[in-house]
Amino acid sequence: HQPMYYFLSMLALNDVGLTLSTMPSTLAVLWFDYRWISFHTCLIQMFFLHSFSVVESSVLLAMSFDRFVAISNPLRYASVLTNNVIIGIGAVIVARATLSIFPGPFLLKRLNYCPDNVLLSHSFCFHPDIMWLACADITVNILYGLYVVLSTVGVDSLLIVMSYALILHTVMGLASPRERVRALNTCVSHILAVLVFYLPVIGVSMIHRFGKHLPHIVHALVAYVYLVVPPVLNPIIYSVKSKPIREAMFRVLRGKDQT
């Protein structure tokens, strides 16, 4: 019941939600060669897909704050990150994601779409993917998409970098090199999780904005990396680096072997 494990639970639940939001349509394409999706279903899937992405970015930011408090002021760690504070952070994260993505479906629904433009780049619905199917002025949608990216992922990544700059400043103030290594070692898992999430997000954003001339397979592969890699690697990263989680997994596996 430490704050870090509450944030890990949020991250795990969000990864499950991100996977479930795209899995039905992806499996329908792979298993049954099903190539149709209704417009409203597409908008609903897009809303949940982008909402979960914003939530993941926000949770990673909250975890960087957790690491900052744990290293810079360990004696007050439990008093700062109380259960009520963590619940409040979780509520703000969900509200922020919902309010950020909520206008998206309505901005897409108001557009007129050409009958011939029916092909999406992936087996799931991205906002840029749907937007480019319209036969209308999409300037508002482009500005909205840019605003969402900058106000969520952009701001979060900047704050995460700032938090680690403060963490590094605190660590460099420690007298013992062994204490410095020990303090930085507690951040390795989070740093890896940040890279695993943000690098594919940046790749997807760059591909959709500047890579329209690239082959279709490139767009599809980058999108699948963005959706598959974080949910797959996050449990591995934290189970390898966190001794309590690793020991709990071994206990579960031993229990299944005995039954």
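Since the model is a prediction, treat every value here as computed from it, not as a measurement.

Peer 1: Give me the pattern of salt bridges: which residues, what numbers.
Peer 2: Tallied over the entire structure, the rule returns 2 salt bridges. Put simply, Arg67 and Asp66 hold a salt bridge, and the shortest N to O gap is 2.8 Å. Neither Arg67 nor Asp66 differs from the other in exposure class; each is buried.

Peer 1: Give a detailed account of the nonpolar core, specifying residues and quantitative values.
Peer 2: Core analysis: the largest hydrophobic core is formed by 42 residues, its most contacted members being Leu60, Met63, Phe126, Ile160, Tyr198 and Tyr238. Within the residue set of this core, elements represented by two or more residues are helix H1 (3–32), helix H2 (39–72), helix H4 (83–101), helix H7 (139–172), helix H9 (188–210) and helix H10 (216–241). Counting residues per element, this core draws most heavily on H2, at 10 residues. Among the nonpolar cores identified, the runner-up in size contains 10 residues, and Cys42, Leu108, Ile130 and Ile138 belong to it.

Peer 1: Give a description of the UniProt feature "transmembrane region" (unreviewed entry) in the protein chain that names residues and reports values.
Peer 2: Cross-referencing UniProt, the feature "transmembrane region" (unreviewed entry) maps to residues 6–31, 43–65, 85–108, 155–175, 187–211 and 217–240 in the present numbering. Here residues 43–65 is 100% helix and 0% strand, with 33 Å between the C-alpha atoms at its ends. With 96% helix and 0% strand, residues 85–108 has its two end C-alpha atoms placed 36 Å apart.

Peer 1: Could you give me a rundown of the packing of H2 against H10, with the residues and numbers involved?
Peer 2: Two quantities define a packed helix pair, namely the angle between the axes and the distance from one axis to the other. Between H2 and H10, whose axes approach to 12 Å, the crossing angle comes to 35 degrees. Seen from above, H2 lies across H10 with left-handed handedness. The segment H2 lies against H10, with Leu49, Ser53, Glu56 and Met63 engaging Tyr226, Leu227, Pro230, Asn234 and Tyr238. Considering only residue class, the contact of H2 with H10 consists of 6 nonpolar, 2 polar and 1 charged.

What counts as what
Residues numbered from 1 in each chain as written. Predicted model: local features only at pLDDT ≥ 70, side-chain atom pairs only at ≥ 80, totals over all residues. Heavy atoms only, no water. Salt bridge = Lys/Arg side-chain N within 4 Å of Asp/Glu carboxyl O. Buried < 20%, exposed > 50% of the residue type's maximum accessible area, 1.4 Å probe, protein only. Core = buried A, V, L, I, M, F, W, Y, C linked by side-chain atoms within 4.5 Å. Helix = DSSP H or I, 4+ residues; strand = E, 2+ residues; numbered from the N terminus. UniProt positions renumbered as here; feature names shortened; annotations may be inferred. Axes fitted to C-alpha atoms, helices over the stretch in contact; angles between N-to-C directions. Left-handed = near helix turned anticlockwise from the far one by under 90°. Contact = heavy atoms within 4.5 Å. Nonpolar A, V, L, I, M, F, W, Y, C, P; charged D, E, K, R; others polar.

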